[in-house]
Structure formats: C-alpha cells, structure tokens
Amino acid sequence: MSPWAGWLLPPLIGAVIGGVTNDVAIRMLFRPHRPWRIGRLRVPLTPGLIPRERGQIALAIADTFTAHVLDGEQVADLLLTEPVRARLRDKVAGMVDQLGGLLGANAAMLSMAKGMAGDLLLREIDTLARSDGPSGDHIRERIRERIDALDVARLEALVLGFSRKQFRAITWFGVLLGGLIGAAQVLLTQVLPAAG
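For the structure given in this document, a descriptive report is provided here. Here the residue numbering is sequential within each chain, running from 1 through the sequence in written order. A pLDDT threshold of at least 70 governs which residues receive local features in this predicted model, and a stricter bar of 80 or more applies before side-chain atom pairs are shown or counted, although totals over entire chains, interfaces and linings include all residues. As a rule here, side-chain values cover all heavy atoms of the structure and leave hydrogens and water aside.

Take the overall build of the chain next. In this text, helices come from DSSP runs of H or I with a minimum length of four residues, and strands from runs of E with a minimum of two, each type numbered from the N-terminal end. The helix and strand tally for the chain stands at 8 helices and 2 strands. When the helices and strands of the chain are listed from N to C terminus, the series reads α-β-β-α-α-α-α-α-α-α. What the globule rule says is 2.2 Å times the number of residues to the power 0.38, and the radius of gyration is computed from C-alpha atoms. Scaling as 2.2 N^0.38, a compact globule of 196 residues should have a C-alpha radius of gyration of about 16 Å, whereas the chain reaches 32 Å, well beyond that. Its C-alpha atoms put the chain at 110 × 50 × 25 Å along the principal axes.

In plain words, nonpolar cores are sets of buried Ala, Val, Leu, Ile, Met, Phe, Trp, Tyr and Cys residues tied together by side-chain atoms within 4.5 Å. To sort residues, take the accessible area from a 1.4 Å probe on protein chains only and compare it with the maximum for the residue type: under 20% means buried, over 50% means exposed, and anything in between is partly exposed. If you look at the biggest cluster of nonpolar residues, it comprises 13 residues, and the most contacted ones within it are F30, I143, I147, L155, V159 and F167. Elements that contribute at least two residues to this core include exactly α1 (5-30), α3 (54-68), α7 (136-149) and α8 (152-195). Broken down by element, the residue count for this core peaks at 4 residues, all from α8.

This part covers unusual backbone geometry. The omega angle of the peptide bond from R31 to P32 is -5°, so this bond is cis rather than trans. Within the secondary structure, P32 is located in the loop between α1 and β1 (37-38). For the peptide bond that leads from T46 to P47, omega is -5°, which places it in the cis range. Here P47 is to be found in the loop between β2 (41-42) and α2 (49-52). Here L45, not a glycine, exhibits a phi torsion of approximately 65°, which is positive. By secondary structure assignment, the location of L45 is in the loop between β2 and α2.

This next bit is on α1. Given the number of residues in a helix, its expected span is that number minus one, multiplied by 1.5 Å. Compared with the 38 Å implied by 1.5 Å per residue over 26 residues, the 38 Å span of α1 between its first and last C-alpha is a close match. The set of residues buried in α1 consists of A5, G6, P10, G14, A15, G18, G19, I26 and F30.

This next bit is on the layout of surface pockets. With a 1 Å grid laid over protein atoms only, a set of points is called a cavity when a 1.4 Å probe fits there but cannot get out and a pocket when it is open yet has protein on both sides within 12 Å along at least five of seven lines; lining residues have an atom within 4 Å of a point. Grid points are joined across faces, edges and corners, and a volume is the space filled by probe spheres set on the points. In this model, the largest pocket occupies a volume close to 200 Å³. At the level of elements, α1 and α8 are the ones that each hand at least two residues to the lining of the largest pocket. Per element, the largest residue contribution to the lining of the largest pocket is 6 residues, and it comes from α8. Partitioned by chemical class, the residues of the lining of the largest pocket number 4 nonpolar, 1 polar and 6 charged. Three residue categories are used. Nonpolar comprises Ala, Val, Leu, Ile, Met, Phe, Trp, Tyr, Cys and Pro, charged comprises Asp, Glu, Lys and Arg, and polar comprises the others, including Gly.

With that settled, the discussion passes to the pattern of salt bridges. Each reported salt bridge corresponds to a side-chain nitrogen of Lys or Arg within 4 Å of a carboxyl oxygen of Asp or Glu. Scanning the model with the defined rule gives 8 salt bridges in all. Note that R31 and E156 form a salt bridge whose closest N and O atoms lie 3.1 Å from each other. With R31 in the loop between α1 and β1 and E156 in helix α8, this residue pair connects regions lying 125 residues apart in the sequence. One salt bridge connects D119 with R89, and the closest N-O pair in it is separated by 3.8 Å. Taken together, the residues span a long stretch of sequence, with D119 in helix α6 (residues 107-131) and R89 in helix α5 (residues 82-103) at a distance of 30 residues.

Next up, the structure:
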C-alpha cells in the first residue's frame, strides 16, 4: 500500500460516507411511501417521515400560510383589484343604460345613476367579501385538506421542486464534514504519533 494511502483514504472515505448518509437521510424523509411489513410487524422508520406525519405537516403549512401569507382580508383585497372594480363599474353602467333606455331616462339621470349604482355595488361586494368571504380558518382548512389529499409521490415532487438546491447543499455539507472528520482521523493517527 502506498504511503499516501494512510493520508488520503480517511478523508476520502469520510467524504463519501458523509455525502451518502446525508443523501439517504433526505430520501428517507419521503421514502418509503408506505409502511413495510414483515408478517404483522411494521419495519421501523417506514413509511418515511413526511408520509407518516403528513396530517401534522399539512396543518403546520396551513397555519403558517394563513398567519403570515394570506388571510381572509387579503383574499378580499386580492379578488377586488382595480381592474376587477373597473369591469364591475362598466357592467353596472351597461345595465343602467339598458334599464334607462327602457324607462326613457335622460342622460343626466343615467350618468348619476351609473355612478351611484357602481359605487353602491362595489361597497356591497367589498362588505360581503370581508364579512362572508373566506375566513382565515376556512382558508387554513382548505389548504390543509389539499395538502393532506396529495399523493405522497406528488407531495415529494412538490417539496423537492422548491428545496432541491437546499437538499443538495445538505448533501455537500455531509461530504465536507465527512472529509474533515477523515482529516482529523489522519491527524490523530498519523501526525500526532509521529510527532511524539
């Protein structure tokens, strides 16, 4: 065996072990999708953590989303944008024109009626959206239901889709840490005894 093998192999082996174990740990978050059984006994660590705890994860995501991203008030603001308000005013104006034409109303009355009816309708829609629209609890429950209903493979693809870069960084951190541990082993087994 080469004299360099005692210096190079421990960091190299440590890096491989660190990378592989971190990669396996990340995969075990999702896999296996279903519990494995030997007879009546369930194999430990099956299914993976995310399939096993999917209900609690869905609730935590829903709670976080409604607390920090979008609640009932913000849904109303999201739906009642200025373009939507302008289109509603145009629709009301068109209906008032048709009704005014049938009733023989003059242009001044029609103009006033269009403005009043449009403003009244928008105020009512805004009030209804804020009072009877989806509440934070309703939004939270819908999000929880949707996440909980996802197929495990689809949920895995979804999570990996937005966190692949972070998971890759975790794997490379395992490579680095394993290599450093291997280097420490070289230091303890090769350098220190030679110095003593």
